[in-house]
Amino acid sequence: MFTLLWMLKYKPPGGMSEVSSFRQGLVIGSKPVVHPILHWLLQRIPELKKRAYLARFLVKLEIPAEFLQDDIIAETFHQYEELVGGFKNIHKECEQLKSSGFSTAEIRRDIVAMEEEKDQLIKRVERLKKRVEAVSTHQRMLELARQLRVEKEREESLAHQKQEQKNQLFQAEQRLQRCQIQLKDLQQAAADEKPESLMKRLEEDIKFNSYMVSEKLPRELENMRKVVQYFQKVASEPALGQAELRELEDKIRETNTEINHLIEKRMMRNDPMDDKLSLFRQQAAIIVRKKETKVEELQEAREELAAVERELNMKSSQARERGGAELIRGDEFKRYVAKMRGKSSTYKKKRQEIAELKVEYGVLQRTQEILRERHTAGQQQLQSLEAQRGISGYSDTQEELERVSAIKSELDEMKGRTLDDMSEMVKKLNSVIAEKKSALSPLIKDLRALRQEHAELAPEFEQKKAQYDTCAAGLESNRSKLEQEVRMLREETAQEESRYHHINCMREIIESQMERAADQSKINQSMDLQVRRTALREKYIANTAEQESLGKGLRQQVKQVRENQEPNMRQMKMWKDLETLLECKKQCYLKAQSQAPIGHVIQDVGKDMLVL
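About the cut-offs
Residues numbered from 1 in each chain as written. Predicted model: local features only at pLDDT ≥ 70, side-chain atom pairs only at ≥ 80, totals over all residues. Heavy atoms only, no water. Salt bridge = Lys/Arg side-chain N within 4 Å of Asp/Glu carboxyl O. Helix = DSSP H or I, 4+ residues; strand = E, 2+ residues; numbered from the N terminus. Buried < 20%, exposed > 50% of the residue type's maximum accessible area, 1.4 Å probe, protein only. Contact = heavy atoms within 4.5 Å. UniProt positions renumbered as here; feature names shortened; annotations may be inferred. Disulfide = S-S within 2.5 Å. Core = buried A, V, L, I, M, F, W, Y, C linked by side-chain atoms within 4.5 Å. Patch = residues over 30% accessible without salt bridge, like charges linked within 9 Å, V, L, I, M, F, W, Y side chains within 5 Å. Areas by Shrake-Rupley, 256 points an atom, 1.4 Å probe, with all protein chains shown as cover. Lys, Arg positive; Asp, Glu negative; His and termini not counted. Charge placed at Lys NZ, Arg CZ, Asp CG, Glu CD. Expected span 1.5 Å × (residues − 1). Arc of directions from axis to C-beta. Phe/Tyr/Trp six-rings, centres within 6.5 Å; stacked < 30°, edge-to-face > 60°.

Caption draft 1: Region of the structure containing the pattern of salt bridges. Inspection of every chain in the model, using the stated rule, returns ten salt bridges. Here Arg253 and Glu249 are joined by a salt bridge, their closest N and O atoms 4.0 Å apart. Within this pair, Arg253 and its partner Glu249 are both found in helix H9 (residues 242-269), separated by four residues, close to a single helical turn. According to the relative accessible area criterion, Glu249 is partly exposed, its value standing at 42%. Among the salt bridges present, the one from Asp250 reaches Arg253, with a minimum N-O distance of 2.8 Å. Here the residue Asp250 and the residue Arg253 both occupy positions in helix H9, the gap between them amounting to three residues, near one helical turn. When its relative accessible area of 39% is taken as the criterion, Asp250 is described as partly exposed.

Caption draft 2: Quick peek at the side chain of Glu81. Residue placement: Glu81 occurs in helix H5 (residues 71-99). Dropping the residues within four chain positions of it, Glu81 is found in contact with Lys60 and Arg310.

Caption draft 3: Up close: the UniProt feature "coiled-coil region" (unreviewed entry) in the protein. Mapped onto the present numbering, the UniProt feature "coiled-coil region" (unreviewed entry) falls on residues 104-189, 245-318 and 472-499. Segment residues 472-499 splits into 100% helix and 0% strand. End C-alpha atoms: 40 Å apart.

Caption draft 4: Spotlight on the state of the cysteines. One pass over the structure, following the stated rule, counts zero disulfides. Between Cys584, a free cysteine, and Cys588, which holds the nearest cysteine sulfur, the sulfur-to-sulfur gap is 4.3 Å. Residue class for Cys584 comes out partly exposed when judged on its relative accessible area of 44%.

Caption draft 5: Structural context of the nonpolar core. Leu5, Leu8, Tyr10, Phe22, Leu26, Val33, Ile37, Trp40 and Leu48 form the largest nonpolar core, which has nine residues in total. Elements supplying a minimum of two residues to this core: helix H2 (19-28) and helix H3 (31-43).

Caption draft 6: Region of the structure containing a negative patch on the surface. A contiguous patch of negative charge on the surface is contributed by Glu296, Glu297, Glu300, Glu303 and Glu304. Relative to the helices and strands, Glu296 is located in helix H10 (residues 272-321). By relative accessible area, Glu296 is classed as partly exposed at 38%.

Caption draft 7: Spotlight on helix H4 (residues 45-58). The end-to-end C-alpha distance of H4 is 19 Å, a good match for the 20 Å that 14 residues give at a rise of 1.5 Å each. When H4 is considered as a whole, its buried residues turn out to be Leu48, Leu54 and Ala55. The buried residues of H4 occupy an angular sector of 130° when the element is viewed end-on, so they sit on one face. Residues of H4 that are exposed and point more than 90 degrees away from the buried face comprise Pro46, Lys49 and Arg56. Buried residues in H4 make contact with helix H1 (2-7), H3 and H5.

Caption draft 8: Broad picture of the packing of aromatic side chains. Across all of its chains, the model carries four aromatic pairs by this definition. Between Tyr53 and Phe57, the ring centres sit 5.4 Å apart and the planes meet at 70°, which makes this aromatic pair edge-to-face. In this pair, Tyr53 and Phe57 both sit in helix H4, four residues apart, roughly one turn of the helix. On the basis of an interplanar angle of 40° and a centroid distance of 6.0 Å, the ring pair of Phe77 and Tyr80 is categorised as tilted. Linking Phe77 with Tyr80, this pair stays in helix H5, spanning three residues, or about one helical turn. Classification of Tyr80 as partly exposed rests on a relative accessible area of 23%.

The structure is reproduced here in structure tokens:
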């Protein structure tokens, strides 16, 4: 589990100082250790999936150095490293292809524009066919034009092949020059070498290897065995509880105290011989440590040099397989960088020109659309005027007649031409074509060179863009983290400020209460009876007695209301019924007054009688 978390680049919260406690927390399944790990994993699921997939192929196998002395194992490990490097390149290309997507809107616009161009070309071809069909030798002319196009295409392909052969020749000459320079360097190095320097270098190598074999590697092997035994012992023992851990910590403290006591006793003896020997021991230990560090630095430098040489050989072999030039060194690389800078500036200028042309093309398209709209509006207005005048279709007929007359005049002119005129025209066309071709040939060459430069610079641009995107994404994630931290700190600051103001208010209240209590104590201690009567305590007592009397009166009122609630409710209901009855009598009386008299009413004491 610890190796998996290291592979996923999880950092424990306590840092390297608390690795042992972190391991113990993983072993016993402690919640303060496991819950942060789960929180970190669930927040980064897509990123960790990709990292785990890449770790399956990119985390190298750890093979001891003594096993790599075998030729078969070393060769197999070298092939394994080459496969890992190839996987890195293929994965990088795959990511670049995924990120470099095309815009569907641009593709649709291009398709629409190409369809419009196709329709225009079809119309032009039909018009040209109609014009040429009237000529008697049009088949011969078409055949000559076809042959001319074939020869032009052949000429372009030959020119392209010629340019490629020139490039290959130039690359071969550069390769030959570099090989000659390398040969001279090797010859000079071999001439400068002396037997004494070779013997000295071999002696140093023998000393280093003997030290590695006799001292360093056995000591490291013994340490690793002890560590493995310790790990096996830890793994074989059951998981420790909290009480057992406390016991072990107590034992460790006791052992440390005993060690300190022994060191104090030894210092109290203060033997001069032991002091001298201890000084020499310290110097020897310092020398051994320095020697070990230097040997490790030398080993790391050799490994780094070997890795760089392997990478250089791999890159050079890949370049040779792809037909490219070999690696450039020294002044040639500086000249190549200067040349690439010039090409980069030229490329930027051309790209700016292309952008300006695109902007101009958009403006022209918009102008064309506006003119089309105006033309259609004018045609509609003309058609409406023709319909009003009763001559609808006149403009179309006029245009058709003009077109027919133009075609007829052209046919007449074409019929009036002789074969000499046609041959002269063909010669003129050939001369014009040759002039245009000679004028366009340097431009075409420059364009091909620029295309080649563009093809060379495009991968570098994509790589830089990918690096920029990754850097921008990392900076954006860091910025979001910093913003979140600032937000949390601001919230904490606001909470602390509110707490500070609350505490200040409470302090002021307590101070006022203390002042009031001090004043009251002074009043109580005073001998003046008048002052004591007006004391705040007596006022509080009087107010308390008054409130108690009010409370008693209110409680008595509540008790009376509860006792008289039912009879009062019945009496209220009786009054409501009486009110309803009187209202009903009033309505009946008013209704009787409004109607015609049918009889007479005899009113007596306590009763009314109606006699018909």
